[in-house]
Amino acid sequence: MSTPSLDRPVLPPAPARIIALLSCLGLAAGLSAQSVPPPSSAPGAPASGASVTPVPEDDEVIVLDAFNINESTQTNEWVATQSLTGTRTAEQMVNLPYQIQVVTSEMLQDFGMIAVVDQLSAVGGFVGEADQADPAIAASAGISGGGGKLRGFSALILRDGFRMTQPPQNINTQQVEVIKGPMSALYGAAQPGGLINYISRRPSPKARYEFGFTAGSYDRWEPSVLINTPVVPRKVFVLVGAQHLSRKSDVQYVEANTTTLFGSVLYKPFRATNITVSYETQHLDGVRQAGAPNYVVDASLVDGTTNPVNWDTDTGYVAGIWWPWVEQGLNLSGPNEWYNRDYDRWHVQFEQGLGRHWRLKAAYQWQVKTFDQDYYNSSNYSLDHAGLAVADDGRPYGGFNGYVPEVRFQDWRFPYAALVDLSGEFSTGKIHHRLLFTADVARVELDTQAWRLPTPAQSPRYGATVPADIRYMDPRYPNYDLVSWYDPPGGGGIYDNMRSRDRDLAHVDENNSNPAHGENARARMSSVHYTNLRLHGYSVSERMFLFGSRLILMGSLRLDRTKYQDYQITTSRNVYRQWTEGGESLRALAAARHENGQSVGVQYLDGGTWRTKMTTDAVGRQVPMTVPAVFSPNWVPGEEDKLTYSAGATWKILSNDKLIAFANYSTSFNPEIVVDDGIGELMPNETGKGFEAGIKFLPGGKNLVAVLSYFDIEKHNIAISNPDYRLGDGSPQYLGSGAQRVTGMDLDLTLVPTRDLTLLASASYMDSETIESANKNLVGKRMTALPNKTFQARARYRLPRGLFRGFTIGADVTWHSGWVRGYYTAPTSSSAGRLYEWRPGNVLWGGFLRYEWKSGKKASHQLNLNCRNMLDKLHTGLGATRSLGRQVNLTYKIIYR
């Protein structure tokens, strides 16, 4: 059987072709630039009618201002005044009709914030998962903001404007920009709460050699090196870096190891031309099972002989978190859980000045990600049914439902992602215009599968031999032994096959003759998901500067086209079916053997060798025989065009930007591919819309900035699970779609009263509700996992010279109110229902003390002592993941310039 394939991309997928194309463009544009004056305008600078700001004639200008943050314009190391994300070009934030927050790399380093959710805790209206041993948990692939929410909804993470990218690290981050509200009109697929863009470091003209080492709590150690140097003066600049982070946790067995290597070369063949080529590779491994166990009450048992703690799925309710085990640091998977993630990324960027007022940027990104994990899949424990069975040594056991070893692997392939931005400015009379035209295209391929041990009914030979205290482990008397045939000595078990990306699944017993289940199968597929996704979009946006730039109007219009093929299913079938046809023994892997979205077809046994069964198509060509319908992947194709827009205005009420009013209205969409397994249909794309209005008050210029806004945003087409869904009975898995609404206010405050003191604070209030749902009991209720009030504050002070020369102290605090973890729900076929649960708020403190000194003319030293969760408060995040306790870290850094 063959599956449909997508059309060939508009842009060539091969990296060599893209690089060759950009090189040709650079040569042609660079040659033309020799005959015209260098760019004399900086689109990022404030406009005043038709006047422009000349570009300085010094070596500092190594990248075009339109596409690069100029650090010299920052108020200080903590306070940035420019943003790339708001318009896809560098712009003063006071000119933008949005509420924007920037977290600089210096702030991240001062407080030792390495986890993504910890870094974003400095952003008003953001709430996230608890910090833990994996600094990139839930933040990979551009899916969500580290398991957190921005203004009530998942926040998309970008890297240099690209979706689907690897987890950022402090060593290669220049600053983090957070734009609140729907932003699809500029970036395509996005969530209505906003987006987060990590701006990567780029080579600079000044030599810098930085060596650092961090040691601290939980056996943390982190060596790093960062080298920036000009290779050919005014022409070639190189930035390379390496960092390794190792850290454990106060949860049993949990640890994380992250290694990052990157390099970037900037080539300036001509003054108005930049070509940057970057490569980055990351490896992450460790144990990340820091989830808090749920406990279930009022559960009725089913088949208490073969399944001691299998409760009836029509009874039983999750009543909350079982805190005694959280306090003990219980790891639900024991010592046998492990994950591996690898990322490789190429990024090529070409920038060209076209005359005095136009700029061109073209960028290309290629990336792959592989992921595999060994784990145990259950987190629900029934207190009512402890000690229901007795092990061979006489110990009672029973508690966790469906506790079974499982393996998951995932391949993300991003064959290409490319964008082209053309920005320019011109004047018509007294009105100054800035235009931006964009085009981008991306291809994403996802291949993910999960496998687990079969039940006794599914494999009487192997499933029945799994010790009960492994399948239904009692954490009071844990048995973490691996089943010998499951992962036998010398390899050959399911773990080894998954780690080697073995799609043939050689551990399957070829003598199996049971057509329904496979009585001799050593593993069964529990879920599978294949996606072939292509996105491309085009946008145009304009800003008009009227009345001497006192009034700035903005409008954006974007057309996106999403084309996809998707197959996802949760199944209880074993890995293959075997039958006889025409005297031949045939078998089919249950949607398990695919390469690039193509099924391998039916296989047959030929003298002990399995071969692919071929047949002929309508024109006589040899093609694989079609797999029987019971195992044929249900490919769901789809295609959708989406038009999004935004409009905004900035009105400078008082001169010198002392009082500014702003407002915007935007729409968004998110191509969330969700297939209804019950009816085989694709759910509609999620959409959003939002309004925001506020003021920016700058009575002290950049030294005192207050931004206050009111917002009203909605998200629609949220897939709602059908509580009565049963796999295989023809019922839909989802009932209609839902909608949610969040209204509230944000306040951001920046105060720099002296050059030595910096104060930053943010506060937010969010009133949320479910406005549409298939579950009528939820309509009008407050959204789950969303505190309605948050507060963050940070301060630093350079101590007076003299005795305290070189010392800087700082402190930070984050607080959020309580939130609803879950409402009463009826039990479903897959898990217990849930009672109403309320989680209290918490407040966390941190601080740092830094000492800096110099030795000689070129060497400077830093010694930084910082502390996170200073009061050692035990808490969990929105996803019930246990936090790390008190973290005390000491960093030494030496810098040569």
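Now for a quick tour of the structure.

So, how was this worked out
Sequence order sets the numbering: in each chain, residues are counted from 1 along the sequence as written. Where totals are concerned, whole chains, interfaces and linings use all residues; where local detail is concerned, this predicted model gives features only for residues with pLDDT of at least 70, and gives and counts side-chain atom pairs only at 80 or more. The basis for every side-chain value is the complete set of non-hydrogen atoms in the structure, without hydrogens or water. The nonpolar core is taken to be a set of buried Ala, Val, Leu, Ile, Met, Phe, Trp, Tyr and Cys residues, with the residues joined through side-chain atoms within 4.5 Å. Note on exposure labels: buried denotes an accessible area under 20% of the residue type's maximum, exposed denotes more than 50%, and partly exposed covers the range between, all computed with a 1.4 Å probe on protein chains only. Helix and strand labels come from DSSP, where a helix needs a run of H or I of at least four residues and a strand needs a run of E of at least two; each type is numbered from the N terminus. Strands were regarded as paired on the criterion that DSSP finds at least two bridges between them. Within 3.5 Å is the distance limit for a polar contact, defined as a pair of N or O atoms, with the added protein rule that one can donate a hydrogen and the other accept it, and that residues adjacent in sequence qualify only through two side-chain atoms. Any two of the Phe, Tyr and Trp rings considered here, Trp counted by its six-membered ring, make a pair once their centres fall within 6.5 Å; the pair's planes then place it as stacked at under 30 degrees, edge-to-face at over 60, or tilted in between. Counting as a charge over the ring demands two things of the Lys NZ or Arg CZ atom: a distance within 6 Å of the ring centre and an angle within 35 degrees of the ring normal.

Judged by nonpolar contacts, the single largest core of 22 residues is most densely connected at Met107, Leu120 and Ile196. The set of elements that each furnish at least two residues to this core consists of helix H2 (105-111), strand E8 (173-180) and strand E9 (194-200). Of the residues forming this core, the biggest block, 3 residues, is contributed by H2. Of all hydrophobic cores here, the second largest spans 15 residues; its members include Met93, Leu96, Val102 and Met183.

This paragraph deals with the sheet that holds strand E15 (residues 294-297). Read from one edge of the open sheet, 4 strands run E19-E15-E16-E45, paired in mixed fashion. Looking at which strands have only one partner, the edges of the open sheet turn out to be strand E19 (380-382) and strand E45 (833-834).

So, on to the side chain of serine 764. Structurally, serine 764 is set in strand E41 (residues 757-772). A relative accessible area of 6% places serine 764 in the buried class. Within the local environment of serine 764, its side chain forms a polar contact with the backbone nitrogen of glycine 125, the two atoms lying 3.4 Å apart. Polar contacts involving the side chain of serine 764 include one to the side chain of threonine 790, which spans 2.4 Å.

Here the focus is the pairing of strand E13 (residues 255-267). Here strand E12 (residues 236-248) pairs with E13 via 13 bridges, running antiparallel. Bridging from a neighbouring strand, arginine 247 pairs with alanine 256 of E13. What sits between E12 and E13 in their antiparallel hairpin is a turn of 6 residues, with tyrosine 253 showing a positive phi close to 70°. Bridge count for E13 against strand E14 (residues 273-287) is 13 bridges, and the pairing is antiparallel. Within E14, the position partnered with threonine 259 by the bridge is histidine 283. Hairpin geometry of E13 and E14 is characterised by an intervening segment of 5 residues between the two adjacent antiparallel strands.

If you walk through the whole model with that rule in mind, you get 11 aromatic pairs. Ring geometry for tryptophan 412 against phenylalanine 414: centres 5.8 Å apart, planes inclined by 5°, an arrangement best described as stacked. Judged by its relative accessible area of 8%, tryptophan 412 falls in the buried class. Assessed through its relative accessible area of 6%, phenylalanine 414 is described here as buried. A cation over an aromatic ring shows up here: arginine 88 above the ring of tyrosine 187, its NZ or CZ 5.4 Å from the ring centre. Here arginine 288 stacks its cationic end above the ring of tyrosine 339, 5.3 Å away from the centre of that ring.

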